[in-house]
Amino acid sequence: MSQVENREIDRSKMKVSDKVAIQITGMNKWYGAFHVLKDINMTVNQGERIVVCGPSGSGKSTLIRCINRLEEHQQGIISVDGTELSSDLKNIDKIRSEVGMVFQHFNLFPHLSILDNLTLAPIWVRKTPKKEAEATAMHFLEKVKIPEQADKFPGQLSGGQQQRVAIARSLCMKPRIMLFDEPTSALDPEMIKEVLDIMIELAQEGMTMIVVTHEMGFARQVANRVIFMDMGQIVEQNEPEEFFNNPKSDRTKLFLSQILGH
Amino acid sequence: MSDLSYVRTEMLGEQEPPLGETGILKWARENLFSSYGNGALTIISVVFLFFVLDYVLPWMFQSSWTANSLGECREQIAAAYGEGTDGACWAVIRERYRQLLFGFYPSNLYWRPILAFVLLGFAIAPVLFDKLPRKLLIFSGLFPFIAFWLIWGGTLWTPVGALLGFGIGYLASKFLPSLIGSLGATIATFLLPVIWWVFLYGPIGAAIAVYVGDNNMDSAIAGYEQRIASGEMNAAELVTAKRELKTLQSLPDKKAELAGLEVEAEKLRAALPDYLADVKTPENLPIATSKEDKVAFEKLLNIEGREVGIRDAIQRIYEDVGRIGPMVPVTSDQLGGFTLSILIGITGITLSLPIGILLALGRQSDLFVVKTICVGFIEFIRGVPLITLLFVASTLLNYFMPPGTSFDLVLRVMIMVTLFASAYMAEVIRGGLAALPKGQYEAADALGMDYWQATRLIIMPQALKISIPNIVSNFIGLFKDTTLVMIVGLMDPMGLSNAIRANQAWNGIVWEIYGFIALMCSGSSVSPCHVIPCIWSASFRPDTRVKEHIKCLK
Amino acid sequence: MKKSVFLGALTVAGLVAGAASAATLDDVKAKGELACGVSTGLVGFAAPDANGNWAGFDVAICRAVAAAVLGDSNAVKFVPTTGKTRFTALASGEIDMLARNTTWTFSRDVDLKFTFVGVNYYDGQGFMVPKELGVSSAKDLDGATICIQTGTTTELNLADYFRSNGMSYEPVPIETNAESQQNYLAGACDVYTTDASGLAATRATFENPGDHVLLPEIISKEPLGPLVRHGDDQWGDIVRWTLNALISAEELGVTSANLAEMQKGTNNPEINRLLGTEGDLGGMLGLDKDWAARVIAVSGNYGEIFESNIGESTAIGLARGLNAQWKNGGLIYSPPFR
């Protein structure tokens, strides 16, 4: 729970601009007859670090998966950097290459070496020359502190290392927004810190981030806003200090008492 | 000093191990006589083997290699090894091994299929060994066209024109997306080559043949005349050569005749009453047609028929004389033996994998129409035995073709075998696709890859790798299934064994031919079946690190 | 109209496909070769040699027709057909004629719409048994196990024969002739039944032919002959009269040896008409005068073809029997050339 609490975080570097990065208006989503997201409205400015939390099944993963169209929404408007998500394939590809995503289970490509994992998309999607892509990949591998693993295969790495590779893989596409879908939930406790450290570094560089996580310590220190979801709706959002110290809704209180109470 | 104390004063040297612990005895004890049961089994097997070999070996070696018929074989064996000796008549293999290997392929052209198979090795090599220069892959891609040209011969236009279709598809996929969008480009990538093959390829080829043929005509005629005058041919060859020369020389007459017929047909058509203008066959004539009209109509039909025949003859002459390149054409009915089996097998194997991949992807598609077509195709083909498909190929397909068209039987069989294998392949690959975690698709999507990129770079390499054991067994099965073509009258080795036995000299011979075929089969079937899936799986790699994939061979 | 189609040429066929189609004769001339359906291999009747040249009693008919039409007995494309593919191959136009020891029956002629142009071999179904069984008549075969090829008329004939004689039998169904020989030799069945010519050919290959006897009963009529499609009478006539020319030549004593002599003219007007020295029978067929002479020049007259392929001088050793000329008590008979 408290992997990052003892760390000095320089919040002054994390500037929030007033430019809108993501705008969601009146979004509804159903899985068949099941109404999974109800009337979601939110605006994310560039440079914001948003933590989304809530009990399981509350729709928080679905929400961020809608942002890069891994899930399709049925009603409402999602626009990313001014591009509206619709079924136009061109828009989807454009948005996906600007929005990076990190998954709970890493989803590295097991048949490719670490370096190939990182260079594949830049070479094929961005049409970057191979040399340049490899240089970029090494740069980001150094950033996530595992350059020596470049020639190994994902199966040979620990969970924490794999998740760091996954972050580096997303960064290689030079995204403007990063989505994290429970990036530490599948990790052993001692590996959580190495991943969170990288995320904090990213935050300090001013990356716009939406993080679905139960790491409340991370939320308290890094996020500029915490969103609590339940039953497919945004129940409460606030600055972290206020959110943790003075939750307004009973549901939030209950959730916080359960998650922090031990 | 207590009794427990002990000091070694002298170190021991090494001693020979006991007899049963080294060499052959140890091996025998461990592998043959490790228990009473195993010992008994060993002895029984040896005795059994002895009895089999005691019969087979004398049969194999008390044999005749030089006889010219079964009867002669028996005489020779009786003379050499005593009356009543049962020996093999290997002479039939000596006389017919070429036929079993090459079918009725002209013997002076054997180098062509042999060269094709040698080149196959070169085509496979760069895919298997990443140390070789990548540019050799271009040769691998061209190989099917080269092999086609080598085996069937004929004009160079046939393979080149077919290849151009793929070139058109490639150009469309490269340049059109920026012009008309990715969906349109995908459709155009498939459609443009088809348009080329169906509407342009044939007529352009015919036009080239006419152009080249007109230029070559004189030298071709002179060549025939020279060969006839040289007196090197035997009587039968002379007759054939003279007939062919006469055919060539008749070209101007044929053209004149055609022109005359066209004029006549035009006249008759103009004279025909209007209400008969759209009638095509005598059966469709209105009942009220008058007798004179009927006669006129039948006369027109007759002339049109002759027109078709002459046009056909002219085209044949041009196809013959207007051939580009030195390759004498070899027709499909001259293919046979192992050449035919390997040809059908390799074609089926190499084509069924890509088609199977497309079907498997189509079956998972969100597009209802595509999905329905793929599921329908796969389930239909899998529901029908191969032998039925072969019958459809040999009999029914001809009814669907325009009347009188004879569509090469070997090609028909190849298509059916490929379709059959593709349906099974699709299901094998679907298994591989189903085994992939959903996260792989999502990760590829999240990185902004489009469908084909994700499929090619992420999904297929993994799915194929999972499927390789099943793909290989499918291929081995396919290779064995090629013997079924004998049912539709193709002369594969099994078909030839029957034909050889039908020769008076060899009637009644069985084991020798089957033994030879079995020997050849066990040697030839395994290797291509193992190698080709690896090639395909390797070709989906963005960066061909094939060592990983060679593991699949093991 | 016929096109040999490979890959792209497919298109051409699709485009020119109209109602108009050339007569078979024009078509064969245009192609420069005769597509003749033969067996995939039947001893004495059709088999390829080591060089891929086909020979045999049926093959000789194909070559004779090619010689008549194209003047070249080698201008034949032999299409091996199986019992199952032969009729569709002919009906679809893949082959121009079929000479594949095919029995002339009512339904094949009328229902399948083929024209049998004549009979080149009168066969009949017989039985072969090992001598040691001591059987001398098919009437003694009650309860026997019988090896029989499936999908042929022999199967039906056998059932008819045993039913009408109130006997029972146990069939051992077998796909190919070679297989039945092996089964019979291995003792899997007591009796082997097929056409008498096939039995004789099979017995000739045994190591000890004398240990097996052919029973005297012939239980069916199997008139074998070449056939063409309905609807092209000119072509049917050419094949029919090619066969008749071979038969007449034997009757008239024209052989490959004395052909050149006879062509100079004889005092037998029928020989003269046959060989084209008198009248123009060839012209009526759409051929030239020498057509029949070319037919006979290929490998002699009917009798010579019979002798060299299946006659008593060969390993098969068939007697002329029913297939002798009518003057010698056989059924081989050609209408006059007039």
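Everything numeric here is computed off the predicted structure, so don't read it as measured data.

Visitor: Quick question: what am I supposed to make of the overall build of chain B here?
Guide: Counting secondary structure elements, chain B contains 21 helices and 1 strand. For a compact globule of 554 residues, the expected C-alpha radius of gyration is about 24 Å, and chain B comes in at 33 Å, more than 25% above that figure. Its C-alpha atoms give chain B principal-axis dimensions of roughly 140 × 80 × 50 Å. Considering chain B as a whole, with its 554 residues, one finds that 45% of them fall into the buried category.

Visitor: How do you make sense of the interface of chain B and chain A when you look at a structure like this?
Guide: Interface size is commonly expressed as the accessible surface area that is lost when the partners come together. Listed per partner, the contact involves 22 residues of chain B and 23 residues of chain A. Summed over both sides, the interface of chain B with chain A buries roughly 2100 Å², with 61% coming from carbon and sulfur. One can count 2 salt bridges joining chain B with chain A. For A:Arg65, the salt bridge is made with B:Glu442, and the minimal N-O distance between the two is 2.4 Å. Counting across the chain B and chain A interface gives 6 residue pairs in polar contact (both at pLDDT 80 or more). Counting only elements with at least two residues in the side of chain B that touches chain A, the list comes to helix H16 (438-446) and helix H17 (451-481) of chain B. Within the side of chain B that touches chain A, the residues separate by chemical class into 9 nonpolar, 5 polar and 8 charged.

Visitor: How do you make sense of the arrangement of the chains when you look at a structure like this?
Guide: Most contacts, compared over the 2 pairs of chains touching, are made between chains B and C. There is a clear gap between chain A and chain C: no contact, and 35 Å between their nearest C-alpha atoms.

Visitor: What's the story with the side chain of A:Asn117 in this structure? I'm lost.
Guide: All names here are of chain A. Here Asn117 lies in helix H3 (residues 114-124). Only 2.8 Å separates the side chain of Asn117 from the backbone nitrogen of Phe109, close enough to count as a polar contact. Asn117 has contacts with Leu108, Phe109, Leu112, Pro154 and Arg169, leaving out every residue within four places of it along the chain.

Visitor: Got a minute to help me understand the sheet that holds strand E3 (residues 49-53) of chain A in this structure?
Guide: Where strands meet in a sheet, backbone hydrogen bonds hold them as pairs that are either parallel or antiparallel. All names here are of chain A. Here we have 6 strands laid out as an open sheet, ordered E6-E7-E8-E3-E9-E10, and mixed in their pairing. The open sheet has two edge strands with one neighbour each: strand E6 (99-102) and strand E10 (233-238). Mean inter-strand twist for the sheet, computed between neighbouring axes without regard to direction, equals 20°. By the bridge criterion, 4 bridges tie E3 to strand E9 (residues 225-230) in an arrangement that is parallel. Looking at the pairing, Cys53 lines up with Phe228 of E9. Each of E6 and strand E7 (177-181) is contacted by helix H5 (residues 159-172), which is oriented at about 170° to E6, the strand it contacts most.

Visitor: So what exactly am I meant to see when it comes to the packing of aromatic side chains here?
Guide: Given two aromatic rings, one states the distance between the centres and the angle between the planes to describe the pair. Residue and element names in this part refer to chain C. Under the defined criterion, the tally for this structure stands at 34 aromatic pairs over all chains. When the ring of Trp241 is compared with that of Phe337, the centres are 5.0 Å apart and the planes differ by 85°; the resulting orientation is edge-to-face. With Trp241 in helix H9 (residues 233-252) and Phe337 in the segment after helix H14 (302-309), this pair connects stretches of sequence that are 96 residues apart. Accessibility expressed as a relative area gives 22% for Trp241, which makes it partly exposed.

Visitor: Just checking my understanding: could you explain the state of the cysteines for this structure?
Guide: What we call a disulfide is simply a covalent bond connecting the sulfur atoms of a pair of cysteines. Under the criterion given, the structure shown has 3 disulfides over all chains. The partner cysteine of B:Cys73 in its disulfide is B:Cys89, sulfur to sulfur 1.8 Å. Its torsion about the S-S bond being 75°, the disulfide of B:Cys73 and B:Cys89 is classed as right-handed. Here B:Cys73, found in helix H3 (residues 70-81), pairs with B:Cys89, found in the loop between H3 and helix H4 (91-102); they are 16 residues apart in sequence, far enough to count as distant. Pair check on accessibility: B:Cys73 and B:Cys89 agree, each one buried. What pairs with C:Cys147 in a disulfide is C:Cys189, and their sulfur atoms sit 1.9 Å apart. Negative torsions about the S-S bond denote left-handed disulfides, and the value of about -100° found for C:Cys147 with C:Cys189 makes this one left-handed. Of the two residues, C:Cys147 sits in strand E10 (residues 144-149) while C:Cys189 sits in the loop between helix H7 (177-185) and strand E12 (191-195), which places them 42 residues apart along the sequence. Overall, C:Cys147 belongs to the buried group, its relative accessible area being 0%.

Visitor: In this structure, what is going on with the packing of H9(C) against helix H13 (residues 291-299) of chain C? I would like to understand it.
Guide: In helix packing, the relevant descriptors are the interaxial angle and the interaxial distance, both defined with respect to the helix axes. Residue and element names in this part refer to chain C. Across the interface, H9 lies against H13 with an axial gap of 10 Å and an inter-helix angle of 65°. Classified by the angle their axes make, H9 and H13 are roughly perpendicular. Read as a crossing pair, H9 and H13 show a hand that is right-handed. Together, Trp241, Thr242, Ala245, Leu246 and Ala249 of H9 and Trp291, Ala292, Val295 and Ile296 of H13 make up the contact between the two elements. A breakdown of the residues in the contact of H9 with H13 according to their chemical character gives 8 nonpolar, 1 polar and no charged.

Visitor: What should I look at first to understand H17(B) in this one?
Guide: Along an α-helix, a turn takes 3.6 residues, which lines up residues three or four apart on a common side. Residues and elements named next belong to chain B. Compared with an ideal rise of 1.5 Å per residue, which puts 31 residues at 45 Å, H17 spans 35 Å between its outermost C-alpha atoms and falls more than 12% short. The largest bend along H17 measures about 60° and falls at Ile468, with the proline Pro469 one to four residues further on. Two or three places before Trp452, at the opening of H17, Asp450 has a side-chain oxygen 3.2 Å from that residue's backbone nitrogen.

Visitor: Help me understand the pairing of E10(C) in this model?
Guide: Note on strand geometry: in a regular strand, side chains alternate between the two faces of the sheet. Residue and element names in this part refer to chain C. Counted residue by residue, E10 has 5 buried out of 6 residues, so it is predominantly covered. Across 2 bridges, the pairing between E10 and E12 is parallel. In the sheet register, Ile146 faces E12, and the bridge partner there is Val191.

Visitor: Sorry if this is basic, but what is going on with the pattern of salt bridges here?
Guide: Between side chains of opposite charge, pairing is possible as soon as their charged atoms come close. Under the defined criterion, the tally for this structure stands at 38 salt bridges over all chains. We note a salt bridge from A:Lys193 to A:Asp197, for which the minimum N-O separation is 3.0 Å. Separated by 4 residues within a single helix, A:Lys193 and A:Asp197 lie in helix H6 (residues 189-204), roughly one turn from each other. B:Arg363 serves as the salt-bridge partner of B:Glu379, at 3.0 Å between the closest nitrogen and oxygen. In this pair, B:Glu379 sits in helix H13 (residues 368-383) while B:Arg363 sits in helix H12 (residues 337-363), placing the two residues 16 residues apart along the sequence.

Visitor: Can you help me understand the domain arrangement of chain C in this one?
Guide: All names here are of chain C. If you check the domain split of chain C, you get domain 1 (1-123 + 222-338) and domain 2 (125-220). Computed over C-alpha atoms, the centres of domain 1 and domain 2 are 31 Å apart. With 11 residues of domain 1 at the interface, the matching set in domain 2 holds 11 residues. Roughly 870 Å² is buried in total at the junction of domain 1 and domain 2, and carbon and sulfur atoms are behind 49% of that figure. The three residues of domain 1 that bury the most area against domain 2 are Asp123, Glu222 and Ile316, which together make up 53% of that side's buried surface. Put simply, domain 1 and domain 2 have 0 salt bridges between them. On inspection of domain 1 and its partner domain 2, the count reaches 4 residue pairs in polar contact (both at pLDDT 80 or more). Looking at the side of domain 1 that touches domain 2, its residues break down into 6 nonpolar, 1 polar and 4 charged.

Visitor: Please clarify how the nonpolar core should be interpreted in this entry.
Guide: Inside soluble globular proteins, nonpolar side chains tend to come together where they are buried. Grouped together as the largest cluster of nonpolar side chains are 192 residues, with contacts concentrated most on C:Met97 and C:Trp235. When residues in this core are grouped by element, the largest group, 14 residues, is from helix H15 (residues 409-435) of chain B. Core analysis: the next-biggest nonpolar cluster, separate from the first, contains 49 residues, A:Val102, A:Leu141, A:Cys172 and A:Val226 among them.

Visitor: Explanation requested: the environment of B:Pro469 in the structure shown.
Guide: Residue and element names in this part refer to chain B. Following the sequence through the fold, Pro469 ends up in helix H17. The class for Pro469 is exposed, based on a relative accessible area of 55%. Note: C-alpha distance between Pro469 and Gly153 (316 residues apart in sequence) is 36 Å.

Visitor: Sorry if this is basic, but what is going on with the environment of A:Tyr31 here?
Guide: Residues and elements named next belong to chain A. The topology assignment puts Tyr31 in strand E1 (residues 20-31). For the pair Tyr31 and Ser61, spaced 30 residues apart in the sequence, the C-alpha separation amounts to 14 Å. Those residues in contact with Tyr31 that lie beyond four places of it in its chain are Val36, Thr62 and Glu71.

Visitor: Please explain the sheet that holds strand E13 (residues 212-214) of chain C as it appears in this structure.
Guide: Residues and elements named next belong to chain C. Strand order in the open sheet formed by 5 strands is E11-E10-E12-E9-E13, with mixed pairing between adjacent strands. Bordering the open sheet on either side are strand E11 (169-174) and E13, each of which pairs with just one other strand. Within this sheet the neighbouring strands show an average axis-to-axis angle of 30°, counted without direction.

Definitions and cut-offs
- Residues numbered from 1 in each chain as written.
- Chains lettered and ligands numbered in written order.
- Predicted model: local features only at pLDDT ≥ 70, side-chain atom pairs only at ≥ 80, totals over all residues.
- Heavy atoms only, no water.
- Helix = DSSP H or I, 4+ residues; strand = E, 2+ residues; numbered from the N terminus.
- Rg over C-alpha atoms; globule rule 2.2 N^0.38 Å.
- Buried < 20%, exposed > 50% of the residue type's maximum accessible area, 1.4 Å probe, protein only.
- Contact = heavy atoms within 4.5 Å.
- Buried area = accessible area lost by both parts, 1.4 Å probe.
- Salt bridge = Lys/Arg side-chain N within 4 Å of Asp/Glu carboxyl O.
- Polar contact = N/O pair within 3.5 Å; in protein donor to acceptor, adjacent residues only side chain to side chain.
- Nonpolar A, V, L, I, M, F, W, Y, C, P; charged D, E, K, R; others polar.
- Pairing = 2+ DSSP bridges.
- Axes fitted to C-alpha atoms, helices over the stretch in contact; angles between N-to-C directions.
- Phe/Tyr/Trp six-rings, centres within 6.5 Å; stacked < 30°, edge-to-face > 60°.
- Disulfide = S-S within 2.5 Å.
- Parallel < 35°, antiparallel > 145°, perpendicular 65-115°, else oblique.
- Left-handed = near helix turned anticlockwise from the far one by under 90°.
- Expected span 1.5 Å × (residues − 1).
- Bend = angle between axes of the 7 residues up to and from the residue.
- Domains from an automatic or database assignment.
- Core = buried A, V, L, I, M, F, W, Y, C linked by side-chain atoms within 4.5 Å.

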